Amino acid sequence: LSLSIMLDDLRKNPEHKWLVICPLILIENAWIEDAAKFVPELKVVNCHAATKAKRLKAIESNAQIYVTNTESFATYKEYFDKIKFEGCFVDESSDMKSYKSKQSKAIVEFAHTVKRFYLLSGTPAPNGEWEYYMQLKAIDFYCVPPSWTQFKEYYFVDVSFSQYEQLQMRPDRKEEFNALLQKYAIYVDKEDVLTLPGREFIEVELEMPEHLKKHY
């Protein structure tokens, strides 16, 4: 779907350029491979390389879709800024769950320089709703309070009795928060779009040797 969105735009506007930010393991195994399969007419470049010189050469090359890894995006952001992208996809947006990380801050800043910005994730907030903060801020900077502290105090309460913060959604704000998410997100259940094979449970019985039982 993401490649189709980019293809549609690039057919109408061949001069446009798009950026994909994703985990390193997905560059070749997912994006480059799928692009070659589904949109072979587009020029796609892998911006990850062993040396800085090679990365800069890839970034400065003439392509339509540039794919870089999340970890190095913040480091090379100034070079990506010069390209003037039309849009961006962040694959596995849970990488933005920390409001403190330089990657999150760099992506939020970059998001406001492009006209079209998409976040993709199967588990966008694995630990709790507070991890949506930077993701929401990237989509619409003004849809959440300007500071993390204000956001936290408005939607959550700290239920920890120790120095380690443990946040819990305020019951009177849960409906408001869910409405905010629904305004900006499209949720699709995998069972609705994929035909998955059934599960098969295979039991294997084995006898543990006596010397191992002792250690066990």
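What this report covers is the structure whose coordinates are included nearby. Predicted model only: the values in this text are computed from it and were never measured. (Residues numbered from 1 in each chain as written. Predicted model: local features only at pLDDT ≥ 70, side-chain atom pairs only at ≥ 80, totals over all residues. Heavy atoms only, no water.)

Details of the pairing of strand β5 (residues 116-120)
Argument step 1. Direction of pairing for strand β4 (residues 87-91) relative to β5: parallel, over a ladder of five bridges. Across the sheet, Val90 pairs through a bridge with Leu119, a residue of β5. (Pairing = 2+ DSSP bridges. Helix = DSSP H or I, 4+ residues; strand = E, 2+ residues; numbered from the N terminus.)

Observations concerning the pairing of strand β3 (residues 65-69)
Argument step 1. Among the five residues that make up β3, five are buried, leaving the element largely enclosed by the rest of the structure.
Argument step 2. Of the two faces of β3, the one carrying Ile65, Val67 and Asn69 and the one carrying Tyr66 and Thr68 are both buried.
Argument step 3. As judged from the five bridges shared by strand β1 (residues 18-22) and β3, these two strands associate in the parallel manner. Looking at β3, one finds that Leu19 is bridged to Tyr66.
Argument step 4. Of the pairings in the sheet, the one linking strand β2 (residues 44-46) to β3 comprises three bridges and is parallel in character. (Buried < 20%, exposed > 50% of the residue type's maximum accessible area, 1.4 Å probe, protein only.)

Focus on helix α8 (residues 174-184)
Argument step 1. Regarding α8, the residues found buried are Phe177, Leu180 and Leu181. An end-on view of α8 places all buried positions within 95° of arc, on one side of the element. Along α8, exposed side chains directed more than 90 degrees from the buried face belong to Glu175, Gln182 and Lys183.
Argument step 2. Looking at the buried positions of α8, the neighbouring elements they touch are α6 (133-139), α7 (148-155) and β7 (167-169). (Arc of directions from axis to C-beta. Contact = heavy atoms within 4.5 Å.)

Observations regarding the nonpolar core
Argument step 1. If you look at the biggest cluster of nonpolar residues, it comprises 42 residues, and the most contacted ones within it are Leu19 and Phe80.
Argument step 2. Sorting elements by how many residues they give to this core places helix α5 (residues 102-111) first, with five residues.
Argument step 3. Ignoring any residue separated from it by four or fewer positions in sequence, one finds Leu19 in contact with Tyr66, Thr68, Phe73, Phe80, Phe85, Gly87, Cys88, Phe89 and Phe110.
Argument step 4. Leu10, Ile27, Ala35 and Val67 belong to the second largest nonpolar core, which has 17 residues in total. (Core = buried A, V, L, I, M, F, W, Y, C linked by side-chain atoms within 4.5 Å.)

Considering the pattern of salt bridges
Argument step 1. Taken as a whole, this structure holds nine salt bridges when the rule is applied.
Argument step 2. In this structure, Glu41 and Arg11 form a salt bridge, with 3.1 Å as the shortest nitrogen-oxygen distance. Here the residue Glu41 occupies a position in the loop between α2 (24-38) and β2, and Arg11 occupies one in helix α1 (residues 2-12), the gap between them amounting to 30 residues.
Argument step 3. A relative accessible area of 45% means that Glu41 is categorised as partly exposed.
Argument step 4. Arg11 gets classed as exposed once you look at its relative accessible area, which sits at 59%. (Salt bridge = Lys/Arg side-chain N within 4 Å of Asp/Glu carboxyl O.)

Focus on the environment of Ser121
Argument step 1. Here Ser121 shows up in the loop between β5 and α6.
Argument step 2. The exposure class assigned to Ser121 is partly exposed, which follows from its relative accessible area of 30%.
Argument step 3. Sequence separation between Ser121 and Asp91 is 30 residues; the distance between their C-alpha atoms is 6.4 Å.
Argument step 4. Apart from residues no more than four positions distant in its own chain, Ser121 is found in contact with Glu92, Ser93 and Ser94.
Argument step 5. For Ser121, the side chain forms a polar contact with the side chain of Glu92, separated by 2.8 Å.
Argument step 6. Of the polar contacts made by the side chain of Ser121, one reaches the backbone nitrogen of Thr123; its length is 3.1 Å. (Polar contact = N/O pair within 3.5 Å; in protein donor to acceptor, adjacent residues only side chain to side chain.)

Thoughts on the packing of helix α3 (residues 52-59) against helix α4 (residues 70-81)
Argument step 1. Their axes nearest at 11 Å, the elements α3 and α4 cross at an angle of 50°. The angle between α3 and α4 places the two elements in the oblique class. Note that α3 runs across α4; the crossing there is right-handed. Contact residues: Lys52, Arg55, Leu56 and Ile59 in α3; Ser72, Tyr76, Tyr79 and Phe80 in α4.
Argument step 2. Considered class by class, the residues forming the contact of α3 with α4 number five nonpolar, one polar and two charged. (Axes fitted to C-alpha atoms, helices over the stretch in contact; angles between N-to-C directions. Parallel < 35°, antiparallel > 145°, perpendicular 65-115°, else oblique. Left-handed = near helix turned anticlockwise from the far one by under 90°. Nonpolar A, V, L, I, M, F, W, Y, C, P; charged D, E, K, R; others polar.)

Concerning the sheet that holds β4
Argument step 1. Read from one edge of the open sheet, five strands run β2-β3-β1-β4-β5, paired in parallel fashion. Two strands lie at the open edges of the sheet, namely β2 and β5, each paired on one side alone. Averaged over all pairs of adjacent strands, the angle between strand axes in this sheet comes to 15°, irrespective of strand direction.
Argument step 2. Lying over the sheet, α4 contacts β1 and β3, oriented at roughly 130° with respect to β3.

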